[in-house]
Amino acid sequence: MTNINSVVLVGNLTRDCGSNERDFSYISSTGTAVANVSIAVNRSRKQGEEWVDEVSYFEVRIFGKTAENLKPYLLKGQKIVVSGYLKQERWQDKQTQQNMSKVVIVAESIELGGKKDGNSEPAHKG
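Throughout what follows, the structure given in this document is the object of discussion. Quick caveat, the model's predicted, so the values are computed rather than measured.

What counts, and at which threshold
Residues numbered from 1 in each chain as written. Predicted model: local features only at pLDDT ≥ 70, side-chain atom pairs only at ≥ 80, totals over all residues. Heavy atoms only, no water. Helix = DSSP H or I, 4+ residues; strand = E, 2+ residues; numbered from the N terminus. Buried < 20%, exposed > 50% of the residue type's maximum accessible area, 1.4 Å probe, protein only. Contact = heavy atoms within 4.5 Å. Areas by Shrake-Rupley, 256 points an atom, 1.4 Å probe, with all protein chains shown as cover. Salt bridge = Lys/Arg side-chain N within 4 Å of Asp/Glu carboxyl O. Pairing = 2+ DSSP bridges. Core = buried A, V, L, I, M, F, W, Y, C linked by side-chain atoms within 4.5 Å.

Concerning the overall build of the chain
Next, step 1: Counting its regular elements, the chain contains one helix and six strands.
Next, step 2: Ordered by position in the sequence, the α and β elements of the chain form the string β-β-β-β-α-β-β.
Next, step 3: Along the first, second and third principal axes, the C-alpha set of the chain runs to 50 × 40 × 35 Å.
Next, step 4: Relative to its 126 residues, the chain shows a buried fraction of 29%.
Next, step 5: In the chain, the share of contacts with a sequence separation of at least 24, taken over all contacts with a separation of at least 6, comes to 57%.
Next, step 6: As presented, the chain carries roughly 8,600 Å² of accessible surface, and 47% of it is formed by carbon and sulfur atoms.

Here it is, written out as structure tokens:
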């Protein structure tokens, strides 16, 4: 059986992209643009007789021309559809020397939808 690593999420950006160096930068060795965004994804589930929303937050990494082209549109509240794959990043904490890791979504395709407040915008693909 073949391994599969694929994910599709629809959510809203939690902050503007490019407000600091961590959110938008260029890889010094290649000059490739990198946008780091966070999205909130809501999921409704029934708890007793009521429906409740659960919110999950995911980090998304966007590379290259897609990151550059979409940067002006990656604003807090913007709805996006992300297609990509999961990547586990590993490093050693400089202060504690503990091994650390986190899972991020590497975007292969991004579509922009309307704002969280319902204002429609034309969809953009990158």
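This is not the end of the story, as more comes after the structure.
Here we look at the pattern of salt bridges
Next, step 1: Per the counting criterion, the structure on display carries six salt bridges.
Next, step 2: Residue Glu 54 is joined to Arg 43 by a salt bridge in which the shortest nitrogen-to-oxygen separation is 3.2 Å. A residue pair is termed long-range when its members are at least 10 positions apart, and Glu 54 in strand S4 (residues 50–63) and Arg 43 in strand S3 (residues 33–47) qualify at eleven residues.
Next, step 3: Here Arg 45 ties to Glu 54 by a salt bridge, and the two come within 2.3 Å at their closest N and O atoms.

A short note on the pairing of strand S1 (residues 7–13)
In regular strands, side chains alternate between the two faces of the sheet.
Next, step 1: Of all seven residues in S1, five are buried, a share of seventy percent or more.
Next, step 2: Inspection of the sheet shows S1 paired to S3 by two bridges, in the antiparallel sense. Bridging from a neighbouring strand, Asn 12 pairs with Ala 40 of S3.

Digging into the environment of Glu 89
Next, step 1: Considering the arrangement of structural elements, one finds Glu 89 in strand S5 (residues 78–92).
Next, step 2: Along the backbone, Glu 89 and Ile 4 are 85 residues apart, and their C-alpha atoms lie at a distance of 18 Å.
Next, step 3: Once residues lying within four places of it in the same chain are set aside, the contact partners of Glu 89 are Arg 61, Met 100, Ser 101, Lys 102 and Val 104.

Here we look at the environment of Pro 72
Next, step 1: Within the fold, Pro 72 resides in the loop between helix H1 (64–70) and S5.
Next, step 2: As a C-alpha pair, Pro 72 and Asn 5 span 67 residues in sequence and 29 Å in three-dimensional space.

Some points on the nonpolar core
Next, step 1: Judged by nonpolar contacts, the single largest core of 21 residues is most densely connected at Ile 39, Val 60, Ile 62, Leu 74 and Val 82.
Next, step 2: Residue assignment for this core shows that the elements contributing at least two residues are S1, S3, S4, H1, S5 and strand S6 (99–115).
Next, step 3: If you tally residues by element for this core, the top one is S3, at five residues.
Next, step 4: With sequence-adjacent residues up to four places away left out, Ile 62 is seen in contact with Ala 33, Val 34, Ala 35, Val 37, Ala 67, Leu 74, Ala 107 and Ile 110.

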